[in-house]
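Survey of secondary and tertiary structure
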Amino acid sequence: VCSSDLRRLPAERIDLAVTTSRPPAQFRAGPGTRAEAAIAGLVADLIPDGATIQYGIGRLPETIVDALSQHSDLGLHSGVLGDAAARLAGRGVLTGARKSIDTGVSVAGFVHGGAEAFAWVDANPRVHIRDTSYTHSPEVLARIDRFAAINTAIEVDLTGAANAEVAAGAYVGAVGGAGDFLRAAHR
């Protein structure tokens, strides 16, 4: 889906299409550790029913989203959508019924998960994949009530500066949209 009126991308806009028998690349977070489960429980307690969540990539964010299974009427507006979101939807938790925009619809920039996420997204009219000019837009994010951003960092110093990119001298990730989403949640 490529625009707010839900048009499909027309064939003439595609420069190159490659058919393959291979499945899409998949991310499997695996079960969280005891420490991650404890963190997830504490974070889940901070998120109210009816909130619209955004979350980042990794095992801890997926563990936190899984910990929201006792909530009700959560919405999703995120750069990423993974297996944990699909599980929440399957449990009837991720309804989007109380979202202030895109009511009843989960919005994400891309699917970053395994079979669960891809199966849930496939031909699902309640999931819209949008570009970052929409998912990360300050104007769009400002219209979302009860917005909760769930992102992680490798380390945080005493001034609050967060490192989300480098571990032991090697680049392991990037900040991505964390700044956009954290500013929106703070607002």
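Residues numbered from 1 in each chain as written. Predicted model: local features only at pLDDT ≥ 70, side-chain atom pairs only at ≥ 80, totals over all residues. Heavy atoms only, no water.

**Side note on the overall build of the protein**
Our working rule: Strands are runs of DSSP state E lasting at least two residues, helices are runs of H or I lasting at least four, and both sets are numbered from the N terminus onward. Computation of the radius of gyration draws on C-alpha atoms alone. For the globule rule, the value is 2.2 Å times the number of residues to the power 0.38. A simple rule labels every residue: compare its accessible area, found with a 1.4 Å probe on the protein chains alone, to the largest value its type can have, and call it buried under 20%, exposed over 50%, or partly exposed in between. Contacts are assigned to residue pairs with any non-hydrogen atoms lying within 4.5 Å of each other.
When its secondary structure is counted, the protein shows seven helices and nine strands. The C-alpha atoms of the protein give 17 Å as radius of gyration, which agrees with the globular expectation for 187 residues (16 Å, within 12%). If you line up the protein on its principal axes, its C-alpha atoms span 50 × 40 × 30 Å. Buried residues in the protein amount to 38% of all 187 residues. Within the protein, residue pairs in contact and separated by at least 24 positions form 60% of the contacts whose partners lie at least 6 positions apart.

**Quick word on the pairing of strand β2 (residues 75-81)**
Within a regular beta strand, the side chains point alternately toward one face of the sheet and then the other, so they alternate between its two faces. Cut-off, in case you're wondering: Paired strands are those between which DSSP finds at least two bridges. Crossover handedness is defined by viewing with both strands directed away from the observer: a clockwise path from the first strand over the helix to the second marks the crossover as right-handed.
Within β2, seven of the seven residues are buried, leaving the element largely enclosed by the surrounding structure. Where strand β1 (residues 52-55) and β2 come together, two bridges link them in parallel fashion. When the bridges of β2 are listed, Ile 53 appears paired with Leu 76. In this fold, β1 hands off to helix α2 (residues 59-66), which returns the chain to β2; that crossover is right-handed. Two elements, β2 and strand β3 (residues 106-111), share four bridges in a ladder whose sense is parallel. Pairing of Leu 81 across the sheet is with Val 111, part of β3. Between the parallel elements β2 and β3, the chain passes through helix α3 (residues 83-90) in a crossover that is right-handed.

**Section: the nonpolar core**
To be explicit about the condition: By nonpolar core we mean a set of buried residues, namely Ala, Val, Leu, Ile, Met, Phe, Trp, Tyr and Cys, connected to one another through side-chain atoms within 4.5 Å.
Core analysis: the largest hydrophobic core is formed by 28 residues, its most contacted members being Ile 47, Leu 68, Leu 74, Leu 81, Leu 94 and Trp 120. For this core, the leading source of residues is α3, giving five residues. Residues in contact with Leu 94, not counting those within four places in the same chain, are Leu 74, Gly 75, Leu 76, Ala 85, Leu 88, Ala 89, Ser 106 and Trp 120. In terms of nonpolar packing, the next biggest core, distinct from the first, is built from 10 residues, Val 107, Tyr 134, Ile 144 and Phe 181 among them.

**With respect to the confidence of the model for the protein**
Filter applied, for reference: You can read pLDDT as the predictor saying how much it trusts each residue, on a scale of 0 to 100.
Across the protein, pLDDT averages 90, with 95% of residues at or above 70. Counting interchain partners and residues more than four positions distant, the pLDDT-below-50 stretch residues 1-6 has 10 contacts.

**With respect to α3**
The buried fraction of α3 is high, at six of eight residues. Among the residues making up α3, those that are buried are Asp 83, Ala 84, Ala 85, Ala 86, Leu 88 and Ala 89. Of the surrounding elements, those touching the buried residues of α3 are β1, α2, β2 and α4 (115-121). Once α3 ends, the next one or two residues include Gly 92, with phi positive near 80°.

**A few points about the sheet that holds β2**
Hydrogen bonds between backbone atoms are what pair the strands of a sheet, whose relative direction is either parallel or antiparallel. Filter applied, for reference: Lines are fitted to the C-alpha atoms to define the axes, a helix being fitted only along its stretch in contact, and any angle between axes, read from their N-to-C directions, falls within 0 to 180 degrees.
Strand order in the open sheet formed by five strands is β4-β3-β2-β1-β5, and the pairing between neighbours is parallel. Here the strands that pair on one side only, and so sit at the sheet edges, are β4 (127-129) and β5 (147-150). On average, each strand axis in the sheet is inclined to that of its neighbour by 20°, with strand direction left out of account. Packing against the sheet, α2 makes contact with β1 and β5, and its axis sits at approximately 160° to β1.

**Some thoughts on unusual backbone geometry**
Not every positive phi belongs to a glycine, and Asp 73 is a case in point at roughly 50°. In this structure, Ala 168 takes a positive phi of about 50° despite not being glycine. Assessed through its relative accessible area of 90%, Ala 168 is described here as exposed.

**Let's talk about the packing of aromatic side chains**
Definition in use: Any two of the Phe, Tyr and Trp rings considered here, Trp counted by its six-membered ring, make a pair once their centres fall within 6.5 Å; the pair's planes then place it as stacked at under 30 degrees, edge-to-face at over 60, or tilted in between. By the criterion adopted, a ring carries a charge over it if an Arg CZ or a Lys NZ lies within 6 Å of its centre and within 35 degrees of its normal.
According to the stated counting rule, one finds one aromatic pair in the structure shown. One Lys or Arg, Arg 130, reaches over the ring of Tyr 134 and ends 3.8 Å from the middle of that ring.

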